[in-house]
Amino acid sequence: AASSGQRIGMAADHSAQSMGLARVGVFPCLRARGHCRTAGCSATPSSNRSGIGRALGRLVGKGDTTRITFDGKVVGAGNETMAASGDDTALVDRDGVRQVLESREESFVLSAEEVERIMGFGHFESIDELLRELTRNTSHLSLPPISNFRVSCAALGESGRVYVGVNIEFKDLPLPCALHAEQFLILNAFQHGESAISKLCISHVPCGHCRQFMCELSRSEDMQISILGREPEVFTLPELLPLRFTPRDLIGEGARFLFEEGHNGLVWAGDGSSGGAPRDMEMAQRALAEANASYAPYSNCPSGLCIRDQGGKLYSGCLIESAAYNPTVSPLHSALVNGLVGGLLSWQTIDRVTLVET
């Protein structure tokens, strides 16, 4: 379709090889929602439930807890036992933090209810401390095979959810293909329908690329930004990027910002002029939904993409543009982030990609 409200024709439907994904070999595998330590792999193990779960398991060692070192036997404390797991360590938490972590279904996100429960246990004096500790303890989840420079960040959304982001690089692909940790986090929040980010903690001083990308966010000027090693300083985005270029500079006062509600009004063409129906309609519908959610106020060419792994699970994402153009995130990057958040085991398990665009 040429524009919103018109019709989309046939979705592009490709195998992973035809999209070039076979070359995106960052890590050999991800097991049980966590990264696997393998020869040549840039990632390290995470929780058997989720990356954020392992990170929290490492950092809640305060108060009424007992640290257990596994030695090949079933061990525990009090009435609790845990199965042996090599040389790893775990926390047996008597007041329920472990139960929260083990019941988690999604990596890189804590629901508002989970945040409330964890804060209620008294391990963290403030949400700022929780964000700092998450940032400190999630850098191992990044995938930087080129730079070996790990960046992590954590943010509190207006919804009460907490999001984690890490940097991702793709071996043997150009540097512009990399995704910065702050972008990962913003995509993560966008996929969960977040309305605004109120607090953000970053492991390193954010680069200009990310400062510019954050200008797209709704109410970004109100976001409180902290940087590890710079505590107790708290920054605003206008302080980090004065005289910044925003959507209003390009579009005017009526500009729409990321996280604000929007729908692109795209529908399928019914006349068959584009060559027929998509090969996998379920994937095409997911990609169409993403295209309708796509944030593309500058090109007016929204797009969405759905990937399928060998187990048949679907992950999707959409185009997120930037007023400065270059920090724009492709729908493929967005879908890959959604995959990591949702438990995609490996880039190599992707076997089909469907793209919908105007």
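Just above, that's the structure.
Each chain carries its own residue numbering, running from 1 in the direction its sequence is written. Predicted model: local features are reported for residues with pLDDT of at least 70 only, side-chain atom pairs are reported and counted for 80 or more only, and whole-chain, interface and lining totals are derived from all residues. Working from all heavy atoms in the structure, the side-chain values ignore hydrogens and water.

> Just checking my understanding: could you explain the pattern of salt bridges for this structure?
Where charged atoms from two side chains of opposite charge approach closely, those side chains can pair. Note on definitions: salt bridges are taken to be side-chain nitrogens of Lys or Arg within 4 Å of carboxyl oxygens of Asp or Glu. The tally for this structure, following the rule as stated, stands at 10 salt bridges. Members of the salt-bridge network, linked through shared partners, are Glu133, Arg136 and Glu231.

> What is the right way to look at the sheet that holds strand β12 (residues 197-202) in this model?
Strand pairing in a sheet takes place through backbone hydrogen bonds and is either antiparallel or parallel in direction. Read from one edge of the open sheet, 5 strands run β9-β11-β10-β12-β13, paired in mixed fashion. With one partner strand each, in any of the chains shown, β9 (109-110) and β13 (224-227) form the two edges of the open sheet. Strands qualify as paired when DSSP identifies two bridges or more between them. Under the scheme used here, helices are H or I runs from DSSP no shorter than 4 residues and strands are E runs no shorter than 2 residues, and both carry numbers assigned from the N terminus. With 5 bridges joining them, strand β10 (residues 152-157) and β12 adopt antiparallel strand pairing. Paired with Gly157 across the bridge in β12 is Ile197. Across the sheet, helix α4 (residues 127-136) touches β9, β10, β11 (162-166) and β12, and the angle it forms with β10 is around 150 degrees. Two residues form a contact once any of their heavy atoms are found within 4.5 Å. Angles run from 0 to 180 degrees between N-to-C directions of axes, and those axes are lines fitted to C-alpha atoms, restricted for helices to the stretch in contact.

> Could you clarify how one ought to interpret the nonpolar core in this entry?
Nonpolar side chains tend to gather and get buried jointly when the protein is soluble and globular. To form a nonpolar core, buried Ala, Val, Leu, Ile, Met, Phe, Trp, Tyr and Cys residues must be joined to one another through side-chain atoms within 4.5 Å. When a residue's accessible area, from a 1.4 Å probe over protein chains only, is under 20% of the maximum for its type it is buried; when over 50% it is exposed; and in between it is partly exposed. By size, the foremost hydrophobic cluster in this structure holds 68 residues, and its most contacted members are Phe184, Leu200, Ile320 and Trp347. With 7 residues, the top contributor of residues to this core is helix α5 (residues 181-191). Of all hydrophobic cores here, the second largest spans 8 residues; its members include Met283, Leu288, Ala291 and Leu314.

> Explain the packing of aromatic side chains to me, please; I cannot follow it from the model alone.
Two numbers describe a pair of aromatic rings. These are the distance of the centres and the angle of the planes. Between 30 and 60 degrees the pair is tilted, below 30 it is stacked and above 60 it is edge-to-face, where a pair is any two Phe, Tyr or Trp rings, Trp via its six-membered ring, whose centres lie within 6.5 Å. Per the stated rule, a full pass over the model turns up 4 aromatic pairs. With a centroid separation of 5.1 Å and 55 degrees between ring planes, the pair formed by Phe108 and Phe184 is classed as tilted. With Phe108 in the loop between α2 (97-102) and β9 and Phe184 in helix α5, this residue pair connects regions lying 76 residues apart in the sequence. Centroid distance Tyr295 to Tyr298: 6.4 Å. Interplanar angle 90 degrees. Geometry classified as edge-to-face. As far as burial versus exposure is concerned, Tyr295 and Tyr298 are alike and both buried. Among the aromatic residues, those joined into a cluster by ring pairs are Tyr295, Tyr298 and Tyr325.

> Would you mind going over the pairing of β11 with me for this structure?
If a strand is regular, its side chains alternate between the two faces of the sheet. Counting buried residues in β11 gives 5 out of 5 residues, a clear majority hidden from the surface. Burial along β11 is two-sided: Val162, Val164 and Val166 facing one way and Tyr163 and Gly165 facing the other are all buried. One ladder, built from 2 bridges, connects β9 with β11; its direction is antiparallel. Each residue of the ladder has a partner; that of Leu110, found in β11, is Val162. Pairing analysis gives 5 bridges linking β10 to β11, with the strands arranged antiparallel. Bridged to Ala154 within β11 is Val164. Between β10 and β11, which pair antiparallel and follow one another directly, the connecting turn spans 4 residues, one of which, Gly160, has a positive phi of 95 degrees.

> Before we go on, may I ask you to explain the environment of Val353 in this structure?
Mapped onto the elements, Val353 comes out in strand β17 (residues 350-357). Note: C-alpha distance between Val353 and Asp309 (44 residues apart in sequence) is 9.2 Å.

> Looking at this structure, I do not really get the environment of Leu217. What am I missing?
Looking at where Leu217 falls in the secondary structure, it is placed in the loop between α6 (208-214) and β13. Along the backbone, Leu217 and Ser322 are 105 residues apart, and their C-alpha atoms lie at a distance of 10.0 Å. When near neighbours in sequence (up to four residues on either side) are disregarded, Leu217 contacts Ile186, Ile197, Met223, Phe257, Leu258 and Phe259.

> Where do I start with a nonpolar patch on the surface in this structure?
Each patch is assembled from residues with relative accessible area greater than 30% and no salt bridge, linking like charges that lie within 9 Å and nonpolar side chains (Val, Leu, Ile, Met, Phe, Trp, Tyr) that lie within 5 Å. In short, Shrake-Rupley with a 1.4 Å probe defines the accessible areas, and a residue's cover is counted only from the protein chains shown. Taken together, the side chains of Phe245, Leu250, Ile251 and Tyr325 make up a nonpolar region of the molecular surface, amounting to roughly 370 Å² of accessible area. Mapped onto the elements of the fold, Phe245 is located in the loop between α7 (237-240) and α8 (247-251).

> Explain the environment of Leu175 here, please?
Relative to the helices and strands, Leu175 resides in the loop between β11 and α5. The class for Leu175 is exposed, based on a relative accessible area of 60%. Along the chain, Leu175 and Ile146 lie 29 residues apart, while their C-alpha atoms are 8.6 Å from each other.

> Mind showing me how you'd approach unusual backbone geometry here?
Across residues other than glycine, the phi torsion is negative in most instances, and most of the peptide bonds are trans. In this structure, Pro232 follows Glu231 across a cis peptide bond, with omega equal to 5 degrees. You can see Pro232 is positioned in the loop between β13 and α7. A positive phi is found at Asp172, a non-glycine position, where the angle reads about 70 degrees. By the element assignment, Asp172 lies in the loop between β11 and α5. The backbone of Asn300 sits at a positive phi, close to 55 degrees, despite the residue not being glycine.

> Quick question: what am I supposed to make of α5 here?
Note that an α-helix has 3.6 residues per turn; residues three or four places apart therefore point the same way. α5 sits mainly inside the fold: 10 of its 11 residues count as buried. Every buried residue belonging to α5 is among Ala181, Glu182, Gln183, Phe184, Leu185, Ile186, Leu187, Asn188, Ala189 and Phe190, and all of these are buried. Looking one or two places after α5, you find Gly193, whose phi comes out positive at around 70 degrees.

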